Amino acid sequence: MKITISGTPGSGKSVVGKYLSKKLKLKYYGVGELFREYAAKMKLNMIEMDKFLERNKKLDKKINESITKKLNHKNNFVLDSRIGFLFVKNAVHVFLDADLDLRAKRIFKNKRKLENYKKVGDVKKEINKRLRLERKMFKEIYSVDFTDLRHYDLVINTTGMNVKIISNIISKYLERNNIKWYMTL
C-alpha cells in the first residue's frame with residue numbers, strides 16, 4: 001500500500017503521516033523534513049528556502065523526483081509530500097486542509113526549527129506567502145496546482161479534529177475501498 005499526504009502548511013500532514021504509518025505499520029517518508037534539513041545546512045528559513053528553490057528550479061525538481069522515483073519501486077509506506085500524487089503511482093492520495101487561524105496556531109505552537117515567529121499573526125502572513133510561492137513554483141516546474149482537489153482520492157478538512165480522528169477517517173476510507181495492507185501481528 002502506498003499513501004501520499006499533501007495539504008496546506010499546518011494542516012497536519014507530517015503529524016498524520018507519522019501517526020498513520022505507525023498505526024498501519026508502514027514506513028514514513030517526509031519530503032518537508034528533508035527540505036528543512038537541507039535548508040538548515042544552508043542556514044535558510046523555509047521562506048528563504050522556497051525562494052532559493054524558485055531560483056534553482058532544477059534542484060527542486062531533482063530532489064523531488066529522486067525521492068519519489070525510488071518510492072515507486074517500494075510498497076507499504078506513507079509519503080508526506082505536497083506533490084507526491086504527481087510521482088507516486090498506484091497510491092491513495094490524501095489532501096489535508098484546515099482553517100487558516102488553526103493552521104497558524106499549530107505551526108506557532110510546534111516551534112519548528114527554521115520557523116521562529118513572535119506571534120500567530122506573523123505565522124499567518126508567512127504561511128500565506130509560502131503557499132503562494134509553492135503553488136507558483138510547482139505550476140512553473142510541473143504545470144500542476146497541488147491545491148486542485150481533483151488530484152486526490154480523499155480530502156479532509158482537519159479543523160476541529162485530532163490526529164486519531166483524521167487517521168481513522170483515512171483507515172475507514174481504505175477499508176471501504178478494500179485497500180489492503182500487511183500488518184505484523
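The written sequence of each chain sets the order in which its residues are numbered from 1. Totals for whole chains, interfaces and linings use every residue, but because this is a predicted model, local features are given only for residues with pLDDT of at least 70 and side-chain atom pairs only at 80 or more, for both listing and counting. Hydrogens and waters are ignored; side-chain quantities use all the structure's heavy atoms.

## With respect to the packing of helix α6 (residues 100-110) against helix α7 (residues 120-142)
Okay, step 1: Every axis in this analysis is a line fitted to C-alpha atoms, fitted for helices over the stretch in contact. Angles between the N-to-C directions lie between 0 and 180 degrees. In this description a helix means any DSSP run of H or I spanning at least four residues, a strand means any run of E spanning at least two, and both kinds are numbered starting from the N terminus. Close contact between α6 and α7 brings their axes to 8 Å; oriented N to C, the two are set at 110°. One finds that α6 runs roughly perpendicular with respect to α7. Two secondary-structure elements touch here, α6 through Leu100, Asp101, Arg103, Ala104, Lys105, Ile107 and Phe108 and α7 through Val120, Val123, Lys124, Ile127 and Asn128.
Okay, step 2: Note on residue classes: Ala, Val, Leu, Ile, Met, Phe, Trp, Tyr, Cys and Pro are nonpolar, Asp, Glu, Lys and Arg are charged, and everything else, Gly too, is polar. Of the residues in the contact of α6 with α7, the class split is seven nonpolar, one polar and four charged. Angles below 35 degrees are treated as roughly parallel, those above 145 as roughly antiparallel, those between 65 and 115 as roughly perpendicular, and all remaining angles as oblique. By the convention used here, residues are in contact when the closest approach between their heavy atoms is within 4.5 Å.

## Examining the nonpolar core
Okay, step 1: By nonpolar core is meant a set of buried Ala, Val, Leu, Ile, Met, Phe, Trp, Tyr and Cys residues that side-chain atoms within 4.5 Å join together. Summary of the burial criterion: residues with accessible area below 20% of their type's maximum are buried, those above 50% are exposed, and those between are partly exposed, where the area comes from a 1.4 Å probe applied to protein chains only. Phe35, Met49, Ile83, Tyr142 and Phe146 are the most contacted members of the largest nonpolar core, which totals 27 residues.
Okay, step 2: Taken together, the elements giving at least two residues each to this core come down to α2 (31-41), α3 (46-55), α4 (57-71), β3 (77-80), α5 (84-87) and α7.
Okay, step 3: Residue contributions to this core peak at five residues, all from α7.
Okay, step 4: Not counting residues up to four positions away in its chain, the partners in contact with Ile83 are Asn64, Phe138, Tyr142 and Phe146.
Okay, step 5: Counting residues in each nonpolar core, the second largest holds 17 residues, with Met1, Leu26, Val78 and Leu154 among its members.

## A few points about the pattern of salt bridges
Okay, step 1: Put simply, a salt bridge is a Lys or Arg side-chain nitrogen that is within 4 Å of an Asp or Glu carboxyl oxygen. All told, the structure shown has eight salt bridges when counted by the stated rule.
Okay, step 2: In this structure, Arg103 engages Asp97 in a salt bridge whose closest nitrogen and oxygen atoms are separated by 3.7 Å.
Okay, step 3: Assessed through its relative accessible area of 6%, Arg103 is described here as buried.
Okay, step 4: With a closest N to O distance of 3.3 Å, Glu134 and Arg130 form a salt bridge. With Glu134 and Arg130 both in helix α7, this residue pair falls four residues apart, about one helical turn. The exposure classification of Glu134 matches that of Arg130, with both residues buried.
Okay, step 5: A single salt-bridge network, built from bridges that share partners, covers Arg82, Arg130 and Glu134.

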